[in-house]
Amino acid sequence: PVPNIKDTLATAAYRITQEALTNIARHAKANRVDVVLEAEDGVLNLVVSDDGRGFDPQQLMESDGLGLAGMRERASLAGGSLEIHSRQGSGTQVHFRVAIDSERPD
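Analysis parameters
Residues numbered from 1 in each chain as written. Predicted model: local features only at pLDDT ≥ 70, side-chain atom pairs only at ≥ 80, totals over all residues. Heavy atoms only, no water. Helix = DSSP H or I, 4+ residues; strand = E, 2+ residues; numbered from the N terminus. Buried < 20%, exposed > 50% of the residue type's maximum accessible area, 1.4 Å probe, protein only. Contact = heavy atoms within 4.5 Å. Areas by Shrake-Rupley, 256 points an atom, 1.4 Å probe, with all protein chains shown as cover. Core = buried A, V, L, I, M, F, W, Y, C linked by side-chain atoms within 4.5 Å. Patch = residues over 30% accessible without salt bridge, like charges linked within 9 Å, V, L, I, M, F, W, Y side chains within 5 Å. Salt bridge = Lys/Arg side-chain N within 4 Å of Asp/Glu carboxyl O. Pairing = 2+ DSSP bridges.

Draft legend 1. View of the overall build of the protein. The helix and strand tally for the protein stands at two helices and four strands. Along the protein, helices and strands appear, N-terminal first, in the series α-β-β-α-β-β. The buried share of the protein, taken over its 106 residues, is 33%. Of the contacts made within the protein by residues no fewer than 6 positions apart, 60% connect residues no fewer than 24 positions apart. When the accessible surface of the protein is summed, it comes to about 6,900 Å², and 47% of that surface belongs to carbon and sulfur atoms.

Here you go:
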């Protein structure tokens, strides 16, 4: 069964996916991209990963145009967390996690 997901969570997941895919298209030079969206044990998990050139998240400035600050803000506003794992030459993984509130107002 598919859990009820609030519109705010669905929108956050959609926009984070959109920004991650935009970043991949602009910067990663990837050959492969995977998007996985799962709901398990009351948690929505979104993972966007690529096999591109990667980057050092510690050295990247938000002004470099990757939209990382926007993705983090969306995740936070939805009550979730966003992790970005990347290394030069090893691709990138964006992981958004948020608890699913089963109480959905109609």
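Moving on from the coordinates now.
Draft legend 2. Just the nonpolar core, in detail. Counting 21 residues, the largest nonpolar core has Ile16, Leu46, Met71, Leu82, Ile84, Val94 and Phe96 as the members making the most contacts within it. Secondary-structure elements contributing two or more residues to this core are α1 (7-28), β2 (43-50), α2 (68-77), β3 (81-86) and β4 (92-99). A per-element tally of this core places α1 first, with seven residues. Beyond its immediate sequence surroundings of up to four residues, Leu82 is in contact with Ile16, Met71, Arg72, Ala75, Val94, His95 and Phe96.

Draft legend 3. Fine view of the environment of Val94. Along the chain, the position of Val94 falls in strand β4. In this structure, the C-alpha to C-alpha distance between Val94 and Val47, residues 47 residues apart in sequence, is 5.6 Å. Every residue in contact with Val94, bar those within four places of it in the chain, is listed here: Ile16, Ala20, Leu46, Val47, Val48, Met71, Leu82, Glu83 and Ile84.

Draft legend 4. Local environment of a nonpolar patch on the surface. A cluster of nonpolar residues, Leu21, Val33 and Val35, forms a patch on the protein surface that exposes about 210 Å² of accessible area. Residue placement: Val33 occurs in strand β1 (residues 33-40). Residue class for Val33 comes out partly exposed when judged on its relative accessible area of 36%.

Draft legend 5. Focus on the pairing of β1. Sheet analysis places β1 next to β2, joined by eight bridges and oriented antiparallel. Residue Leu37 lies in a different strand from β2, and its bridge partner there is Leu46. The loop that links β1 with its antiparallel partner β2 comprises two residues; one of these, Asp41, has a positive phi angle of about 55°.

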